[in-house]
Amino acid sequence: MVDIGAKSVTERRALARAVVRVSGSTARAVLAGDAPKGDVLGTARIAGIQAGKRTAELIPLCHPLPLSFVGVDGSVDVEAGTITLMAEARTVGRTGVEMEALTAASVAALTVYDMVKGIERGVEIESVVLLEKSGGKSGEWRRE
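This is a predicted model, so every value here is computed, not measured.

Asks: Would you explain the side chain of threonine 26 in this entry?
Replies: Considering the arrangement of structural elements, one finds threonine 26 in helix H1 (residues 24–32). For threonine 26, a relative accessible area of 2% puts it in the buried group. Sequence-distant contacts of threonine 26, that is, excluding residues within four places in its chain, are made with Val116, Ile119 and Glu120.

Structure follows, in structure tokens:
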């Protein structure tokens, strides 16, 4: 692990997004709550939050962080055939929470896949990206 002992303690925040591509009929089922395994977005939200809290156990060189917040929100665009998952992580500490936000978004997307694979095998996790981060020496960063 990187030595963060000399870094300043600051408020840190990261926002990540995962996009899952599905058919229109699958998107409608998710929106209506009619997936065979139940509430897709609710289950993905809880899975993402749990994953964000366990990031240091999953990613070998991540520091375990006392998170002050992890949240995941999902939205469905039936016409575009996408399910978008937004994950936010916050802490007050010496290192950032980018990995926690990315892990939360990734696991939420994997959970969507698991929840809908019974009605569509061609589901695609299209992207997982960091959208913004703040805090620490490097300050604020936003994806263009």
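Asks: Help me understand the layout of surface pockets in this model?
Replies: Which parts of space are left empty comes out when a probe the size of a water molecule is rolled across the atoms. Estimated volume of the largest pocket: approximately 190 Å³. Around the largest pocket sit 13 residues that line it, and Leu61, Cys62, His63, Thr95 and Gly96 are the ones nearest its centre. Classifying every residue of the lining of the largest pocket by side-chain character gives seven nonpolar, three polar and three charged.

Asks: Just checking my understanding: could you explain the pairing of strand S1 (residues 10–21) for this structure?
Replies: Sheet topology places S1 next to strand S3 (residues 82–93); 12 bridges connect them, and they run antiparallel. Residue pairing in the sheet places arginine 13 in a bridge with arginine 90 of S3. Relative to strand S4 (residues 124–134), S1 is paired through nine bridges, and the arrangement is antiparallel. Bridge pairing in S4 links alanine 14 to lysine 133.

Asks: Can you walk me through the environment of threonine 91 in this structure?
Replies: Considering the arrangement of structural elements, one finds threonine 91 in strand S3. C-alpha of threonine 91 to C-alpha of proline 66: the two residues are 25 residues apart in sequence and 6.5 Å apart in space. Filtering out sequence-adjacent residues up to four positions away, threonine 91 remains in contact with Thr10, Glu11, Arg12, Pro66, Leu67, Ser68 and Val97. Within the structure, threonine 91 has its side chain in polar contact with the backbone oxygen of proline 66 (distance 2.7 Å).

Asks: I keep staring at the pattern of salt bridges and nothing clicks. Help me out?
Replies: When charged atoms on two side chains of opposite charge get close, those side chains can pair. Taken as a whole and judged by the stated rule, the model has nine salt bridges. Between arginine 54 and glutamate 57 there is a salt bridge, with the nearest N and O atoms lying 2.9 Å from each other. For arginine 54, a relative accessible area of 47% translates into the label partly exposed. A salt bridge links aspartate 114 to lysine 117, with the nearest nitrogen and oxygen atoms 2.9 Å apart. A relative accessible area of 29% places aspartate 114 in the partly exposed class. When its relative accessible area of 29% is taken as the criterion, lysine 117 is described as partly exposed.

What counts and what doesn't
Residues numbered from 1 in each chain as written. Predicted model: local features only at pLDDT ≥ 70, side-chain atom pairs only at ≥ 80, totals over all residues. Heavy atoms only, no water. Helix = DSSP H or I, 4+ residues; strand = E, 2+ residues; numbered from the N terminus. Buried < 20%, exposed > 50% of the residue type's maximum accessible area, 1.4 Å probe, protein only. Contact = heavy atoms within 4.5 Å. 1 Å grid on protein atoms, 1.4 Å probe; cavity = no way out; pocket = protein on both sides within 12 Å on 5 of 7 lines; lining within 4 Å. Points joined across faces, edges and corners; volume = space filled by probe spheres on them. Nonpolar A, V, L, I, M, F, W, Y, C, P; charged D, E, K, R; others polar. Pairing = 2+ DSSP bridges. Polar contact = N/O pair within 3.5 Å; in protein donor to acceptor, adjacent residues only side chain to side chain. Salt bridge = Lys/Arg side-chain N within 4 Å of Asp/Glu carboxyl O.

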